Amino acid sequence: NKKKNKKELERIDKSHPDHIFPLVLTSATQELFGCRADEDVTGDDPYRLLKKEDIIQDMKTRAAISDFSPIKQDYPEDEILLVFDRDFTYGQSFYLVLTVDAKESMLRSPAEVDGEEEEEGESEDLSEIMVQKTPEPQAWVSLGSEREIEDESLMDTRPKLCYKVSRLRRETGAPLHFSDYSTECVECSPYQDSSFSTRRMERASGVQAVPVTSSSSSQTVWKHKRNMWTQYQPRVLDEEEKENILLSKNLKNFLNSVTLRVEVAIQQNIIMNMFVDDWRDLAEEVPVLGGKANTQLKKYQSFTDLNHSKNKTISYINWHPAVSGVIAVAVRERLSYEERIDSSTKLLLNPALILFWSFSDPINPQLMLECPDDVFCFEFCPSDPNIIAGGCMNGQVVLWDISAHMERLQGARLFEDEVTDTPVVRYCAVSGIENGHKAPVTDIQWLPDTFEVSLELISSSVPVKTVCVMFWDLRAPRVVSQSQIDRKQKTEEKILDNPHGVPNTFKHLNLTWKPLIRVQTHIHTHTHTHKQTQTFLDGEIVYTDWKLEKDNESGRLFSPKPTHCFRVHDGLVNTVLRSPFFKDIILSVGLWNFAIWKEGVTNGPILQSPYSQKNCTLGFWSLTRPAVFFIGKEDGNLEIWDLLEKTHEPSQTHTITTAPITCIKPWVISVKQQLLAVSEHLGTLHILEVPRRLLHPSSKELNVSMYFEKEVERLIYFEKRQEMRAKEKREMDAEEQRRKMVGDSFTLDGYTYTVV
């Protein structure tokens, strides 16, 4: 048996001919293309012609998960031959015929193939196909068979009879009366009757071809008459007519008759929401069949690149706002400060990149953006998604213009023999190092058109250790000197020499770009500002107003003192994010726990999680569920918190990877589908499909705001209880001190006093 199995494996694993391509077709693909094994195609009839356009459409729709995605060879004709390999001759249950000659050879009848084998001998290579010679027609010689056909044929011996069948008029439309059928004469045998299971072995019958006839009638459907009218000119009433109508008796009687019904209807609307979708709420209450399969995150796709993501970590991810299925990923080196200094020359030769991935091609990135240094954050412009702004590790701000590559991002790669290199787009503008941040840029946001910035916020001095917020203007400077105008005219007359293909969109900002406004908030240091000391440490949440104040003595502008400061986290705070549903609700994530804050509440967080065993790396709110948010951990787990279900522990925990999670970014594709992008420290991007349970708000989701309000009330009550307990403790200490002093004597001004 071992020798037999070994020979069988050698027979299957041997290389297949070049004109066929073995395939594995899932049951869904077989059902879609009508080639179900042992049903549509069998061992006796293994051939099926598939349309080429149907295969291309399937690859466009299902992209990499299509069973035909491994095929890269083009086919000249419109129909491709699919063969059912029942014996697994070439290792799979199906294979495609990739040449026209092999297709014609396989579709020929066995008699023709046997004739050729006798003349040419057996040949195992189907690529050598001989041209079949068309047989010449011969004259027909009668052997008497036409007489037998005439004898068996039915001949008319008389004219055909014509009958007309009609029903009595009085019976037309008469009512019918049904009664029970008597079962006394009916025998229901508990066994199969052999008289009805006799198989007819032979039958003699005659067939006559007659023209197909049909008879039909039509009658118009009568409906009752209705009077209709249309008002085509508005009726305008003067003041006197309006007053007469309002004072008329008919209007008063009408109001008196409908007042009670209107009051009842209004009360019902207050008690019950008449616009609620009962069908959707009913579906939410019904438990989903299938258990965890319909409530857990499902892996949808993963992206990694061996050339550009190897030994690197993903620092930031962002979905393309205009092109569905495209996501951008910023990768940076996994090096310490000392290692970056030792590898500075290598880093200059290999610039940092932002990779654009598409679901249509999960193997190769569609676009790469070149960066002057490792990028920590980047954002697409809301008004023009072709413009991208990013922040670098060295403090520089970078701008890219990808408008020339939009067709590549929107298209798909189908049946291409040559794989083109991924284009690398160089940045079109970068700020000067001396005018930018003195530390890595950790976040960047585009301001809306309605946002107004006052130049009075500009500070005249920059402390050594500060958190700095800078406002940048992409517009060209308003004041231009005459020399600059002459230089611009000369530049317009001459075509710009652009060897790198960089767009000239922001050429006026390159290396000269300066921030419009600079705001500083002191942190991690002891600084004396306006004769007051401020001290901030890692893990503190600071609430401040960045509007600068003016010193009355010196007249200089200075950063104001933060209004509130809370220390609820141990270690650096990695996330401070507002809820997309409640603008006054803020999520903060520290090293060991997270907290939820309500803006305006100065007593502390309204919700604080217990300390976890593993470090928290970041958090993100759900885009469709107000009570749901995601927490990433350093051990590769992703926690899903649902405040309506649990507040002391996560509702679900999914193991995504073994490395720390670096970024989380959800994206809503449609009402029925939502994806969650999760990146890891090892450079792999995971795309997960959100289950239906987390797609739509439940009927209890409106209680989230009430839950937040109750937590605020609980916080206020807790603070009052603390104040009351502190007051009681002071009174008890004072009473204890008084009791100790009872009976003691002391002398004052020559007199002796005794405490009673």
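What counts and what doesn't
- Residues numbered from 1 in each chain as written.
- Predicted model: local features only at pLDDT ≥ 70, side-chain atom pairs only at ≥ 80, totals over all residues.
- Heavy atoms only, no water.
- Buried < 20%, exposed > 50% of the residue type's maximum accessible area, 1.4 Å probe, protein only.
- Helix = DSSP H or I, 4+ residues; strand = E, 2+ residues; numbered from the N terminus.
- Arc of directions from axis to C-beta.
- Core = buried A, V, L, I, M, F, W, Y, C linked by side-chain atoms within 4.5 Å.
- Contact = heavy atoms within 4.5 Å.
- Pairing = 2+ DSSP bridges.
- Salt bridge = Lys/Arg side-chain N within 4 Å of Asp/Glu carboxyl O.

**Q** Just give me the short version of helix α3 (residues 52-62), but keep the residues and values in it.
**A** Burial in α3 covers these residues: Lys-52, Ile-55, Asp-58 and Met-59. Projected onto a plane normal to the axis of α3, the buried residues spread over an arc of 125° and lie on a single side. Those residues of α3 that are exposed and aimed more than 90 degrees away from the buried face are Glu-53 and Thr-61.

**Q** Please set out unusual backbone geometry residue by residue, giving values where relevant.
**A** Phi angles above zero are rare outside glycine, and Phe-88 is one such case at about 55°. If you trace the backbone, Phe-88 turns up in the loop between β3 (79-84) and β4 (94-97). Here Phe-88 falls in the partly exposed class, since its relative accessible area comes to 39%. You will see that Leu-511, though not glycine, has its phi angle at about 65°, which is positive. Here Leu-511 lies in the loop between α13 (482-493) and β16 (517-522).

**Q** Describe the nonpolar core, and please don't skip the residues or the numbers.
**A** In this structure, Ile-354, Phe-356, Leu-369, Phe-378 and Trp-400 are the most contacted members of the largest nonpolar core, which totals 40 residues. If you list the elements that add at least two residues to this core, you get β7 (326-333), β8 (352-358), β9 (367-371), β10 (375-380), β11 (387-392), β12 (397-401), α12 (406-410) and β14 (429-430). When sequence neighbours within four positions are dropped, the list of residues in contact with Phe-378 reads Tyr-316, Ile-317, Asn-318, Ala-328, Val-329, Ala-330, Ile-354, Ile-388, Ala-389, Gly-390 and Ile-444. One finds Phe-629, Ile-631, Val-704 and Tyr-707 within the second-largest nonpolar core, a separate group that totals 20 residues.

**Q** A description of the pairing of strand β25 (residues 594-598) should follow, citing residues and the corresponding values.
**A** The element β25 is largely enclosed, with a buried count of five among its five residues. Burial along β25 is two-sided: Phe-594, Ile-596 and Lys-598 facing one way and Ala-595 and Trp-597 facing the other are all buried. As judged from the five bridges shared by strand β24 (residues 585-589) and β25, these two strands associate in the antiparallel manner. Each bridged residue has a counterpart across the sheet, and for Val-589 the counterpart in β25 is Phe-594. Linking β24 back to β25 in an antiparallel pair, the connection comprises four residues. Relative to strand β26 (residues 607-608), β25 runs antiparallel, the two sharing two bridges. When the sheet's bridge partners are listed, Ile-596 is paired in β26 with Leu-607.

**Q** Hey, could you go over the sheet that holds β26 for me, with residue numbers and the actual values?
**A** Pairing within the open sheet is antiparallel, and its four strands lie in the order β23-β24-β25-β26. In this open sheet, the two strands that pair with only one neighbour each are β23 (575-578) and β26. As judged from the four bridges shared by β23 and β24, these two strands associate in the antiparallel manner. Opposite Val-576, over in β24, you have Ser-588 as the bridge partner.

**Q** Report on the pattern of salt bridges, specifying residues and quantitative values.
**A** All chains considered together, the criterion is met by 23 salt bridges. Glu-171 is paired through a salt bridge with Arg-167; the nearest N and O atoms lie 3.8 Å apart. We classify Glu-171 as partly exposed; its relative accessible area is 35%. Within this structure, Glu-31, Arg-36, Glu-39 and Asp-40 form a network of salt bridges that share partners.

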